[in-house]
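# A look at the structure
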There are 2 protein chains.
Amino acid sequence: MPITANDTSRKSWLEVLTDSDFPIQNIPFGVFLTKENIVTVGSRIGDFAIDLGALQQLNYFEGIELTDDMFMQDTLNDFISDGQKTWRLVRNRIAEIFDATNPELRDNAEHRDIVIFRMEDVEMQLPVLIGDYTDFYSSREHATNVGKMFRDPENALLPNWLHIPVGYHGRSSSIIPSGIPVHRPMGQTLPNGETMPVFGASRLVDFELETAFITTDCNIMGENIPISEVEDYIFGMVLLNDWSARDIQKWEYVPLGPFLAKNFATSISPWIITMDALEPFKTKGPKQEPTPFPYLQQKGKHSFDINLEVAIAPENAEPTVVSRTNFKYMYWTMSQQLAHHTSNGCRVNSGDMMGSGTISGPTPDSYGSMLEITWGGKNPIKLSDGTERKFINDGDTVIIKGHSQNGQVRIGFGECSSKLLPPFVRQ
Amino acid sequence: MPITANDTSRKSWLEVLTDSDFPIQNIPFGVFLTKENIVTVGSRIGDFAIDLGALQQLNYFEGIELTDDMFMQDTLNDFISDGQKTWRLVRNRIAEIFDATNPELRDNAEHRDIVIFRMEDVEMQLPVLIGDYTDFYSSREHATNVGKMFRDPENALLPNWLHIPVGYHGRSSSIIPSGIPVHRPMGQTLPNGETMPVFGASRLVDFELETAFITTDCNIMGENIPISEVEDYIFGMVLLNDWSARDIQKWEYVPLGPFLAKNFATSISPWIITMDALEPFKTKGPKQEPTPFPYLQQKGKHSFDINLEVAIAPENAEPTVVSRTNFKYMYWTMSQQLAHHTSNGCRVNSGDMMGSGTISGPTPDSYGSMLEITWGGKNPIKLSDGTERKFINDGDTVIIKGHSQNGQVRIGFGECSSKLLPPFVRQ
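You'll find chain A entered in an unreviewed UniProt entry as fumarylacetoacetase, with Flavobacterium granuli given as the organism. Taken directly from UniProt, the Pathway (unreviewed entry) text for chain A runs: "Amino-acid degradation; L-phenylalanine degradation; acetoacetate and fumarate from L-phenylalanine: step 6/6."

All names here are of chain A. Both faces of strand 3 (residues 48-51) are covered, namely the face carrying Phe48 and Ile50 and the face carrying Ala49 and Asp51. As paired elements, strand 2 (residues 39-45) and strand 3 share four bridges and run antiparallel to each other. Across the sheet, glycine 42 pairs through a bridge with aspartate 51, a residue of strand 3. Turn length for the strand 2-strand 3 hairpin, with the two strands adjacent in sequence and antiparallel, is two residues, and the turn residue glycine 46 shows positive phi of about 55°. Both strand 3 and strand 4 (residues 116-118) contribute to a ladder of three bridges, which runs antiparallel. Bridge pairing links alanine 49 to phenylalanine 117 in strand 4.

Rotating chain A by 180° about the axis while translating it 0.0 Å along that axis superimposes it on chain B, leaving an RMSD of 0.0 Å. Both copies of the chain, as the preceding transformation shows, are related through a two-fold rotation axis. For chain A, the smallest separation between a C-alpha atom and the rotation axis is recorded for Gly257(A), amounting to 2.2 Å. Comparing interface residues between copies, 100% of those in chain A also sit at the interface in chain B, which points to an isologous, same-surface contact.

Our focus in this paragraph is the side chain of Thr40(B). Residue and element names in this part refer to chain B. Along the polypeptide, threonine 40 turns up in strand 2 (residues 39-45). By relative accessible area, which is 2% here, threonine 40 ends up buried. For threonine 40, the side chain forms a polar contact with the main-chain nitrogen of glycine 53, separated by 3.4 Å. Threonine 40 has contacts with Gly30, Val31, Phe32, Asp51, Leu52, Gly53, Phe71 and Gln73, leaving out every residue within four places of it along the chain.

Turning our attention to the sheet that holds strand 21 (residues 320-326) of chain B. All names here are of chain B. Overall, mixed pairing links the five strands, which are arranged 9-26-25-20-21 in an open sheet. The two strands at the open ends of the sheet, each matched to only one other strand, are strand 9 (182-183) and strand 21. Pairing analysis gives nine bridges linking strand 25 (residues 397-406) to strand 26 (residues 409-421), with the strands arranged antiparallel. Bridge pairing links asparagine 406 to valine 409 in strand 26.

Right, let's get into a negative patch on the surface. Together, Glu65(A), Asp68(A), Asp69(A), Asp78(A) and Asp82(A) line one region of the surface with negative charge. Along the polypeptide, Glu65(A) turns up in the loop between helix 1 (52-57) and helix 2 (77-81).

Following the UniProt record, one finds the feature "domain: Fumarylacetoacetase N-terminal" (unreviewed entry) at residues 25-127 of chain A. End C-alpha atoms of residues 25-127 of chain A are separated by 20 Å, and the span's content is 35% helix alongside 19% strand.

Turning our eyes to something else, we now look at the pattern of salt bridges. Scanning the model with the defined rule gives 46 salt bridges over all chains in all. The salt bridge partner of Arg106(A) is Asp107(A), with a shortest N-O separation of 2.9 Å. By relative accessible area, Asp107(A) is classed as exposed at 53%. Across the salt bridge formed by Arg184(B) and Asp394(B), the nearest N and O atoms sit 2.6 Å from each other. In this pair, Arg184(B) sits in the loop between strand 9 and strand 10 (186-189) while Asp394(B) sits in the loop between strand 24 (388-389) and strand 25, placing the two residues 210 residues apart along the sequence.

What follows deals with the sheet that holds strand 2 of chain B. Taken together, the five strands give an open sheet; going across it, the order is 4-3-2-1-5 (chain B), and neighbouring strands pair in antiparallel fashion. A strand with exactly one partner marks an edge of an open sheet, and here the two such strands are strand 4 (116-118) and strand 5 (123-124) of chain B.

Our next topic: the side chain of Asp206(A). Residue and element names in this part refer to chain A. Secondary-structure assignment places aspartate 206 in strand 12 (residues 205-206). Judged by relative accessible area, aspartate 206 falls into the buried class, the value being 0%. A polar contact is formed between the side chain of aspartate 206 and the backbone nitrogen of methionine 370, at a distance of 2.8 Å. In this structure, aspartate 206 is in contact with Asp242, Trp243, Ser244, Arg246, Ser369, Met370, Leu371, Phe391 and Ile392, ignoring residues within four places of it in sequence.

Another point: the interface of chain A and chain B. With 62 residues of chain A at the contact, the number on the chain B side is 62 residues. Counting the contacts that link chain A with chain B gives four salt bridges. For Arg171(B), the salt bridge goes to Asp352(A), with nearest N and O atoms at 2.6 Å. Inspection of the chain A/chain B interface yields 31 residue pairs in polar contact (both at pLDDT 80 or more). For the side of chain A that touches chain B, the secondary-structure elements that each account for two or more residues are strand 6 (133-136), strand 7 (167-169), strand 10 (186-189), strand 11 (198-201), helix 7 (246-252) and helix 9 (334-342) of chain A. It is strand 7 of chain A that contributes the most residues to the side of chain A that touches chain B, three residues altogether. Looking at side-chain class alone, the side of chain A that touches chain B contains 33 nonpolar, 21 polar and eight charged residues.

Basis of the calculations
- Residues numbered from 1 in each chain as written.
- Chains lettered and ligands numbered in written order.
- Predicted model: local features only at pLDDT ≥ 70, side-chain atom pairs only at ≥ 80, totals over all residues.
- Heavy atoms only, no water.
- UniProt positions renumbered as here; feature names shortened; annotations may be inferred.
- Buried < 20%, exposed > 50% of the residue type's maximum accessible area, 1.4 Å probe, protein only.
- Helix = DSSP H or I, 4+ residues; strand = E, 2+ residues; numbered from the N terminus.
- Pairing = 2+ DSSP bridges.
- Least-squares fit on C-alpha atoms with pLDDT ≥ 70 in both.
- Contact = heavy atoms within 4.5 Å.
- Polar contact = N/O pair within 3.5 Å; in protein donor to acceptor, adjacent residues only side chain to side chain.
- Patch = residues over 30% accessible without salt bridge, like charges linked within 9 Å, V, L, I, M, F, W, Y side chains within 5 Å.
- Areas by Shrake-Rupley, 256 points an atom, 1.4 Å probe, with all protein chains shown as cover.
- Salt bridge = Lys/Arg side-chain N within 4 Å of Asp/Glu carboxyl O.
- Lys, Arg positive; Asp, Glu negative; His and termini not counted.
- Charge placed at Lys NZ, Arg CZ, Asp CG, Glu CD.
- Nonpolar A, V, L, I, M, F, W, Y, C, P; charged D, E, K, R; others polar.

In structure tokens:
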């Protein structure tokens, strides 16, 4: 049995503050760089980073079949490729090592010094080498809001939307971990009422509040995965900010979809929260009407109750929360997204990432983008420092957080934070 | 000076038939598997594959700064990452080793046995690990044809098309080398006149005749590459068949672009023809009106005179050429595509691939897809075995070829060939 938030009584001998996202029930996976310039696969409890490469070298994973350098790597791809059975063995073993009642590492000062780092002493990296990145569009509220603003308010949802978990390919090379700043992009836009475009800095830079899931190797090319099996191929989830330049997007996206409006940057939170840790937070999503095609049909609970919020912190000012929403509002589930993705035989590999699409709830204070919150800039919002925002200003930091709560146990994602810099100018 | 087709008098001591795509002036790069299950980086002259890993081990590249295992790899990414100066040194050295007048390898039977393979004894692999794949849409004729059929015949070209080299992100995981067959994909389609979609095998599977270029590491994220410098970052070109399921595409592509209609398979020719080999075939493309933005402006010749053709070979029948066209018809050049791609700071890495988009000429017999050749199936074409085609049938092999010709010297791509299999059915 994988360890979950239902195991409420378990405590670690490492200090965990009560509002921490990372109690011993979480055990996420990530990659970090130490001050000695060593990159390793790691986990986290409280505000401590755990060097899994060191744990392996010190034989703490004896009895679990792993390649010798499984954790002494700069990505999780090989580990993820080993499949669900291995993930569970390793995660449970980590929980055992750090259990308050287990003296093996707790009472070995020499080993503790090698294995445990304070979070402020490490630098988080991208957790996986992302082969392919797909972004879905699975919030009915978001698709409806966008349709109302840009197309037909009377027929906001396009005819295919209730049949297809609509998605498109994103750019892997521009995915960066939380903490890396982003330049406001240059690009072509068409000023209102004009017929000739202009080239310059985007004026409408926006965030999109999303989550994403990371897959293991799924299929042989040409073969689909039945929906009854897809969940076994999802390793875990991260928070994602799908940075968007609305004015570039509006001019470029017909007929082949968003391109430069999106691929200047995509930020993700660095710790992958496993599906096992999130299992107790499974819940039903919205009713699906019309009934999906058989290849998308599933019974039971396949959505997740995950509280999400976005805050904007202006330069030298406190953050203001501008949206609070929940993953459970999503119309299409991750299982349906993955089943759809392979329904034509498209190959899905270890380390591929699939974004949820903007997660909007039913009310403006739960919308997942400034485009929707300010309704295209018509209704600016006030931040706690007294300034107003229609979109994101240079110097603003956008901070996405997420967590699930089960009585006393909180399983969180940490944060996905990124500052918007002025446009790059060649010297 | 890199060796090119202008060096007409150079001959190799390896046999090269007169209509070969691979004289000593070509020297392409690829990756192949030998019968001993060894994977190596290689080149080709005539019908012989050259093991560059073996040449390096035998010290034939002494004096050129290379990492020890540069060619004993299963991809060209590291070599491409080394940059233009290294590519030229290695390519010229290969031409020198195989020059008819050079005895060093010619007269060393033991070395020849290790280094040289007959093409029929090796199996070509994907030449690069493709990090990100972008597909452009740069043929004015193609964009106009598609616009006429699917949108407005009077305003076939969308307003952004003459300003932007329109492109979108494709799927890297489904790119396969020539010779690997492809299953007809399953998917959702909307039958004509209906409002409810159906799920089943695509009925309108098509090819798209394209080329693609492979890049080296271009930029720091957030920074653009000036158009005056972009050509230094293009390693070479391949032929590409952008397999497309037209009925799936029509139903899914609004508003985020093609997805499952394309990502079931993309076939490429396995030898990368270097830009140095293609240099003598530079030519001017069509006049660009209106004048592009400064970040897309370039003087001189930046298109290429490359003859292209597509043939369909039914099961157990001879191939029939169904289209003959030329790369020079493309409106937007590769330099403009790459400058546009980085104009917002999007990172481009070694081994990224960018497709041209369907290459259509001015007349139906030069169109680059069955969609255009048969005008959406309205005008079926006859193959030499007497059968008719609107789109591609199960059992058909689609064969794309391309070459440039300069007096007596022919620089060719070999072929990009792939057979369409019936849909995959789970047993």
